Amino acid sequence: MPDRSGPHPGTHLAGHGGQMQANTYAGFTRLYEAARKPGPIIKVGCGVISS
């Protein structure tokens, strides 16, 4: 069953590039890498949690 551990966000968002509203959850770190294909995800700050 999928959970929030590191490999699952990458698999779920494999085809997504662009903006994503997120906090500082470490499982998303690889999604922000510049060399990521199809492109990096740009973190848009969460309005509730200051990151």
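Just so we're clear, the structure is a prediction, and the values are computed from it rather than from any experiment.

Calculation rules
Residues numbered from 1 in each chain as written. Predicted model: local features only at pLDDT ≥ 70, side-chain atom pairs only at ≥ 80, totals over all residues. Heavy atoms only, no water. Helix = DSSP H or I, 4+ residues; strand = E, 2+ residues; numbered from the N terminus. Buried < 20%, exposed > 50% of the residue type's maximum accessible area, 1.4 Å probe, protein only. Contact = heavy atoms within 4.5 Å. Core = buried A, V, L, I, M, F, W, Y, C linked by side-chain atoms within 4.5 Å. pLDDT = per-residue confidence, 0-100. Phe/Tyr/Trp six-rings, centres within 6.5 Å; stacked < 30°, edge-to-face > 60°.

Novice: I tried to follow the overall build of the chain on my own but got confused; where do I start?
Specialist: Along the chain, the regular secondary structure elements total one helix and two strands. Going residue by residue from the N terminus, the α and β elements of the chain occur as α-β-β. The burial tally for the chain puts 22% of its 51 residues in the buried class. Sequence-distant contacts in the chain: of pairs separated by 6 or more residues, those separated by 24 or more amount to 22%.

Novice: Looking at this model, I keep getting lost on the nonpolar core. Mind explaining?
Specialist: It is characteristic of soluble globular proteins that their nonpolar side chains tend to be buried jointly. Within the largest apolar cluster, seven residues are counted, these being L13, M20, A22, Y25, F28, L31 and I41. Setting aside chain neighbours within four positions, we find I41 in contact with L13, H16, G17, G18, M20, L31, Y32 and R36.

Novice: Help me out: how do you make sense of the environment of N23 in this one?
Specialist: Inspection of the secondary structure puts N23 in the loop between β1 (18–22) and β2 (41–45). Each C-alpha atom of the pair N23 and G45 lies 6.5 Å from the other, and the pair is 22 residues apart in sequence.

Novice: Can you help me understand the confidence of the model for the chain in this one?
Specialist: Regions with low pLDDT carry predicted coordinates that are not meant to be interpreted in detail. Looking at the chain as a whole, the pLDDT averages 81, with 76% of positions reaching at least 70. In the model of the chain, helix α1 (residues 7–12) stands out as the element of lowest mean pLDDT, 83, in contrast to β1, which has the highest, 88.

Novice: How do you make sense of the packing of aromatic side chains when you look at a structure like this?
Specialist: For any pair of aromatic rings, the description consists of the separation of the ring centres together with the inter-plane angle of the planes. On inspection of all chains with the given rule, the structure shows one aromatic pair. Consider the rings of Y25 and F28, whose centres lie 5.0 Å apart with planes at 85 degrees: the pair is edge-to-face. For F28, a relative accessible area of 15% translates into the label buried.

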